[in-house]
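Each chain is listed here by its residues.
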Amino acid sequence: MTYSRRNILQIGAGAALIGGFGFRAAYAALPTLKKKDSYKVGFAQTESNNPWRLAQTQSMKDEAAKRGWQLVYTDAAGSAAKQVADVRSMIAQKVDVILLSPREEKPLIPAVMEAKKAGIPMILVDRNVDQSLAKAGEDYAAFIGSDFIKEGNMAAEVLTKAMGGKAKLIELQGTTGSSPANDRKTGFMDYIKAYPGMEIIASQSGDFARDKGRQVFETLYQAHPEATALYSHNDEMTMGAIAAMEAAGKVPGKDLIIATIDGTKDAAQAILDGKVLVCVECNPKFGPAAFAAIAKMADGEKLAPRLVNTDRVFTKENVAAYLPEAF
Ligand code: GYE
C-alpha cells in the first residue's frame, strides 16, 4: 500500500479535507506532555547488529537510569513491519512519549500518524521519515540527528582532494529507503558533480551491515577490478569491504582509497593503520539530547523541529585523539 500525506492524515486524524485545498486545521495540534516526576519513555530501535546501534541504545538506557525514568525498549531486528508493530504496542501500553529511529522513510509513516492520533508525543531520533508524508513540528514533535547530506558532502570533499579529482568509485549504500542512505548519496553526488573525473562505476546497498557489505563489495569489485576508491555509507560495511579486499590480495589504503561514515573503533583503528583515508563522524549518543527535549516539552516549550548534531571529520591527522571515545 502506498500512502500520500493527504490520505494518511484523513485516516490518521479523521479530518475533513475541504475542496482541493488540503485544509488541515482539525488536526493541527501536536500532542503535548503533562509535567510529572518521571516518565515512561518508549524507544523503538531498528536493529542491534552493529556498534552504532548498540552505542545508541546504551546512551538511551544510561540517560533513563540517570533521570530515574522508565524505558520501554523494543528492537525491530531489521524489520520495518516489526517496528510499526512495536510502536503500536507502545501506544497500547500508554507510554508518555515515544522516541523512534524509523528504519526506512516511508514504511514508518503509519506509526508516526498513529502516535499523533493517540495523543502521544513522538520524537524521531537519528533517522527521519519522508517529509512529504509527515512533517517534523506538525505530525511529530521534532527530529534530532545528523545532517546526512553534509556527511556525504564532507566524505566526498576529502576523498576528491586526496584523489586529485580522479577516481573510479564503488559505492556501498546503506539500507534502501532509509534517510541516511538517501541523503548520504545525495550529499556525495552533489559534491562530485563538479569533478567529472570522479566517477561512480558501481553502486549497491549493503544494508549498513558488515557481512552484507563484504559480499556486495566482493561481487562489485570482481565485476569492476579497475576501481580505485570506495565510498561506503557506514563503517560496518567498510570493514566488510576491507576484508574482501584483503582476501583478494589487495591493499586497502593503496589499491583502493576509502571514505566511510560513523566513527566506530574499528574504523578509527583502520585510519591509524593506513587502510581508511577518512571517516566522517555520525554520533550515536542520543540519550542526553533526546531526554532533554522530553523535559523541555513537559515544560510546555515548543521544540525546534530539527535539532542537528555537529559531526567531525577524522583522518590520520586527528584520529588518535578521537580513538579513546570511539564506540
Ligand atoms: O550510520 C549506521 C546505522 O541511522 C545514522 O544507521 C544511522 C545509521 C548509521 O545502522 O551505522
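Within each chain, residues carry numbers counting from 1 in the order of the written sequence. In keeping with the predicted nature of the model, local features appear solely for residues at pLDDT of at least 70, side-chain atom pairs appear and are counted solely at 80 or more, and the whole-chain, interface and lining totals rest on all residues. As a convention, hydrogens and water are excluded, and side-chain values are obtained from all of the structure's heavy atoms.

Enquirer: Can you walk me through unusual backbone geometry in this structure?
Expert: Note: most residues except glycine have negative phi, and most peptide bonds are trans. A positive phi angle is found at Phe208, which is not glycine, with a value near 65°. Secondary structure elements follow DSSP: runs of H or I of four or more residues count as helices, runs of E of two or more count as strands, with numbering from the N terminus. Position of Phe208 relative to the elements: it lies in the loop between strand E7 (198–205) and helix H7 (210–223). Categorising residues by exposure relies on relative accessible area from a 1.4 Å probe, with only protein chains included: less than 20% of the type maximum marks a residue as buried, more than 50% marks it as exposed, and the intermediate range marks it as partly exposed. Relative accessible area serves as the criterion here: at 4%, Phe208 is assigned to the buried category.

Enquirer: Would you mind going over helix H5 (residues 148–162) with me for this structure?
Expert: Residues three or four positions apart in an α-helix share a direction because the helix packs 3.6 residues into each turn. Its 15 residues give H5 an end-to-end C-alpha distance of 21 Å, which sits within 8% of 21 Å, the value for a rise of 1.5 Å per residue. Taken together, the buried positions of H5 are occupied by Phe148, Glu151, Gly152, Met154, Ala155, Ala156, Leu159 and Thr160. For H5, the side-chain oxygen to backbone nitrogen distance between the N-cap and Ile149 is 3.1 Å, and the N-cap itself is Asp147. Taken from the residues just after H5, Gly164 is the one with a positive phi, measuring 60°. To estimate the expected span of a helix, count its residues, drop one, and scale the result by 1.5 Å. In protein, a polar contact requires one atom able to donate a hydrogen and another able to accept it; more generally it is a pair of N or O atoms within 3.5 Å, and residues adjacent in sequence count only if both atoms are side-chain atoms.

Enquirer: I keep staring at the packing of aromatic side chains and nothing clicks. Help me out?
Expert: Centre distance and the angle of the planes are the two values used to describe a pair of aromatic rings. When two rings of Phe, Tyr or Trp (its six-membered ring) have centres within 6.5 Å they constitute a pair, described as stacked for plane angles under 30 degrees, edge-to-face for angles over 60, and tilted for the intermediate range. Tallied over the full model, the rule gives 8 aromatic pairs. For the pair Tyr191 and Tyr195, a centre-to-centre distance of 5.5 Å together with 15° between the ring planes defines the contact as stacked. Measuring from ring centre to ring centre gives 3.8 Å for Phe314 and Tyr322, while their planes differ by 20°; the resulting arrangement is stacked. You can call Tyr322 buried: its relative accessible area is 3%. Here a set of aromatic residues connected by ring pairs shows up, and it is made of Tyr39, Trp69 and Phe291.

Enquirer: Even after reading the chapter, I still don't get the packing of helix H2 (residues 51–67) against helix H10 (residues 287–298), so can you show me in this structure?
Expert: Relative placement of two packed helices is described by the angle separating their axes and the distance separating the axes. At a minimum axis separation of 8 Å, H2 and H10 run at an interaxial angle of 45°. Classed by the angle they form, the pair H2 and H10 counts as oblique. In this structure, the crossing between H2 and H10 has a hand that is right-handed. Contacts between H2 and H10 involve Ser59, Met60, Glu63, Ala64 and Arg67 on the former and, on the latter, Gly287, Pro288, Ala290, Phe291, Ala292 and Ala295. To get an axis, a line is fitted to the C-alpha atoms, and for a helix only the part in contact is used. The angle between two axes follows their N-to-C directions and goes from 0 to 180 degrees. In what follows, roughly perpendicular refers to angles from 65 to 115 degrees, roughly parallel to angles under 35, roughly antiparallel to angles over 145, and oblique to any angle outside these ranges. Handedness of a helix crossing follows the sense of rotation of the near helix relative to the far helix, less than a right angle counterclockwise being left-handed and clockwise being right-handed. Working rule for contacts: check all heavy atoms of both residues, and any pair within 4.5 Å makes them a contact.

Enquirer: Just to check I follow, could you spell out the state of the cysteines for this structure?
Expert: A disulfide bridge is the covalent bond that connects two cysteines by way of their sulfur atoms. Whenever a pair of cysteine sulfur atoms sits within 2.5 Å, that pair is classed as a disulfide. Under the defined criterion, the tally for this structure stands at 0 disulfides. Here Cys279 stays free of any disulfide, with the sulfur of Cys282 as its closest cysteine sulfur at 9.7 Å.

Enquirer: In this structure, what is going on with the nonpolar core? I would like to understand it.
Expert: One broad trend across soluble globular proteins is that nonpolar side chains are buried collectively. Definition of nonpolar core: a set of buried residues of the types Ala, Val, Leu, Ile, Met, Phe, Trp, Tyr and Cys, connected through side-chain atoms within 4.5 Å. Residues Leu99, Ile123, Val125, Leu159 and Phe217 are the most contacted members of the largest nonpolar core, which totals 74 residues. Look past the residues within four positions of Val125 in its chain and what remains in contact with it is Phe43, Gln56, Met60, Leu99, Leu100, Ser101, Pro102, Ile144, Phe286 and Ala290. Among the nonpolar cores identified, the runner-up in size contains 25 residues, and Val72, Leu133, Ala136 and Tyr140 belong to it.

Enquirer: Just checking my understanding: could you explain the site of the ligand for this structure?
Expert: The full set of residues close to the ligand is Asn50, Trp52, Arg53, Asp126, Arg127, Phe148, Pro180, Arg184, Asn234, Asp262 and Cys282. The side chain of Arg53 places a nitrogen or oxygen atom 2.8 Å from an oxygen atom of the ligand. Asn234 places a polar side-chain atom, nitrogen or oxygen, 2.9 Å from an oxygen atom of the ligand. Protein chains bury 100% of the 300 Å² of accessible surface belonging to the ligand in isolation. Within this scheme a cavity is a closed region of a 1 Å grid, computed over the protein atoms alone, that accommodates a 1.4 Å probe without allowing it to escape, whereas a pocket is open but has protein on both sides within 12 Å along at least five of seven lines; lining residues each have an atom within 4 Å of a point. Occupancy of a cavity or pocket is assigned to a molecule whenever over half of its atoms lie within 2 Å of that pocket's grid points. Taken atom by atom, the bulk of the ligand overlaps the largest cavity. Of all the secondary-structure elements, those providing two or more residues to the shell around the ligand are H2 and helix H6 (179–192). In terms of residue class, the shell around the ligand is built from 4 nonpolar, 2 polar and 5 charged. Boundary definitions for the domains trace back to an automatic or database domain assignment. No fewer than three residues from each of domain 1 (29–146 + 284–310) and domain 2 (148–282) sit in the shell around the ligand. Near is defined per residue: the residue qualifies when any heavy atom it owns lies within 4 Å of the molecule or strand. The accessible surface values rely on the Shrake-Rupley method and a 1.4 Å probe; as for residues, cover is taken only from the protein chains in view. Residues were grouped as follows: Ala, Val, Leu, Ile, Met, Phe, Trp, Tyr, Cys and Pro as nonpolar; Asp, Glu, Lys and Arg as charged; and all remaining residues, including Gly, as polar.

Enquirer: Would you mind going over the confidence of the model for the protein with me for this structure?
Expert: Low-confidence regions, as indicated by low pLDDT, have predicted coordinates that should not be scrutinised in detail. A score from 0 to 100, pLDDT tells how confident the predictor is in each residue. Per-residue pLDDT for the protein has a mean of 93; in total, 91% of the residues score no lower than 70. In this model residues 6–26 is a low-confidence stretch, pLDDT under 50, and it forms 30 contacts with partners more than four residues away in sequence or in other chains.

Enquirer: Help me out: how do you make sense of the domain arrangement of the protein in this one?
Expert: Interface size is commonly expressed as the accessible surface area that is lost when the partners come together. Here the domain parsing of the protein yields domain 1 (29–146 + 284–310) and domain 2 (148–282). The centre of domain 1, based on its C-alpha atoms, is set 30 Å off from the matching centre of domain 2. At the junction of the two partners, domain 1 supplies 13 residues and domain 2 supplies 18 residues. Definition used for salt bridges: Asp or Glu carboxyl oxygen within 4 Å of a side-chain nitrogen of Lys or Arg. Where domain 1 touches domain 2, the interface holds 1 salt bridge. In this structure, Asp207 and Arg103 form a salt bridge, with 3.2 Å as the shortest nitrogen-oxygen distance. Seen at the junction of domain 1 and domain 2, the total is 7 residue pairs in polar contact (both at pLDDT 80 or more). A per-class count over the side of domain 1 that touches domain 2 returns 3 nonpolar, 5 polar and 5 charged.

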